[in-house]
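Residues per chain, in single letters:
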Amino acid sequence: IYTLSLHDALPICQVRVAADIEPGPVPGSFRLRYRMPQDPPPVSIIIPSKDKADLIRTCVESILQNTTYPTLEIIIVENNSSETATFELYGELHERDPRVNIVTWTPDMLKASRAGSANASDGDFNYSSLINFGASQATGQYLVMLNNDTQVIEGRWIEEMLGVALYRPEVTWQIGRASCRERV
């Protein structure tokens, strides 16, 4: 929720941003709801995951059931899971909704990217590498990075984040475990 004082809201009205101003949650405040373009840009949601099928199920089902944004894909970046239930869930999620895609990251990818680097390590986990691999598989114009223990509770969550990205390019932000940025 993006709330403004009347003082902050007036300059936005004067630059003709495509948004509606509504009463905010606190008396004297206002809520800005950016309008989405007629042809909304595709958004890719990248979720790293290792085992814990119950978490990923809750996360993905909450996205699919509660999200109002029409053009999205979900990319689950599989990170060396070993539990059978996880792989069964992946198949079930993709079969139920083709917007859910599973891509597999391996530690070899990290080692290959670090070859010859002074920081090379034998470690088998690198969150940035997982996200970057997921981003390389994404088709969306905007990327949302989400942890697998996240649950969507507000249907317009993507519109809320994307509105800022579309209409306020000078604002770079990250909220909790979710972030949104345009692909370059």
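Scoring rules and cut-offs
- Residues numbered from 1 in each chain as written.
- Predicted model: local features only at pLDDT ≥ 70, side-chain atom pairs only at ≥ 80, totals over all residues.
- Heavy atoms only, no water.
- Salt bridge = Lys/Arg side-chain N within 4 Å of Asp/Glu carboxyl O.
- Helix = DSSP H or I, 4+ residues; strand = E, 2+ residues; numbered from the N terminus.
- Buried < 20%, exposed > 50% of the residue type's maximum accessible area, 1.4 Å probe, protein only.
- Pairing = 2+ DSSP bridges.
- Right-handed = clockwise from strand over helix to strand, strands pointing away.
- pLDDT = per-residue confidence, 0-100.
- Contact = heavy atoms within 4.5 Å.
- Expected span 1.5 Å × (residues − 1).
- Arc of directions from axis to C-beta.
- Core = buried A, V, L, I, M, F, W, Y, C linked by side-chain atoms within 4.5 Å.
- Phe/Tyr/Trp six-rings, centres within 6.5 Å; stacked < 30°, edge-to-face > 60°.

Another point: the pattern of salt bridges. One pass over the structure, following the stated rule, counts nine salt bridges. A salt bridge links Arg96 to Glu92; its shortest N-O distance comes to 2.9 Å. Placement of both Arg96 and Glu92 in helix α3 (residues 84-96) is noted, with a separation of four residues, approximately one turn of the helix. The residue Asp97 makes a salt bridge to Arg99 at a minimum N-O spacing of 2.8 Å. The buried category is assigned to Asp97, whose relative accessible area is 13%. Each member of the salt-bridge network shares a partner with another, and the members are Glu22, Arg31, Arg33 and Glu160.

The sheet contact formed by strand β5 (residues 72-79) and strand β6 (residues 100-105) spans six bridges and is parallel. If you follow Asn79 over to β6, its bridge partner there is Trp105. This β-α-β element, β5 to α3 to β6, shows right-handed connectivity.

Confidence in the prediction for the chain averages 82 pLDDT; 74% of positions are at 70 or higher. Scored below 50 in pLDDT, residues 175-179 shows 14 contacts in the model against residues more than four places distant or in partner chains.

Structural remark: α-helix, 3.6 residues per turn; residues separated by three or four positions point the same way. Given a rise of 1.5 Å per residue, 13 residues ought to cover 18 Å, and the 18 Å separating the end C-alpha atoms of α3 matches this to within 8%. When α3 is considered as a whole, its buried residues turn out to be Thr86, Leu89, Tyr90 and Leu93. Buried residues of α3 fall within an arc of 105 degrees about the axis and therefore sit on the same side. For α3, exposure combined with an orientation more than 90 degrees from the buried face picks out Thr84, Glu88 and Glu95.

Right, let's get into unusual backbone geometry. Residue Asp51 is not a glycine yet carries a positive backbone phi of 55 degrees. Relative to the helices and strands, Asp51 is located in the loop between β4 (43-49) and α2 (53-66). In the Ramachandran plot, Lys52 falls in the positive-phi region, its phi being about 50 degrees despite a non-glycine side chain. As for its placement among the helices and strands, Lys52 is situated in the loop between β4 and α2. Here Lys52 falls in the partly exposed class, since its relative accessible area comes to 47%.

Ranked by internal contacts, the top residues of the largest apolar core, which has 25 residues, are Ile45, Ile47, Ile63, Ile74 and Trp157. Listed by contribution, the elements that provide at least two residues to this core are β4, α2, β5, α3, β7 (142-145) and α6 (157-167).

Taken as a whole and assessed by the stated rule, the structure comprises one aromatic pair. For the ring pair Phe87 and Tyr90, a centre distance of 5.9 Å and an interplane angle of 90 degrees mean the geometry is edge-to-face. Here the residue Phe87 and the residue Tyr90 both occupy positions in helix α3, the gap between them amounting to three residues, near one helical turn. On the basis of relative accessible area, Tyr90 is assigned to the buried category, the value being 4%.

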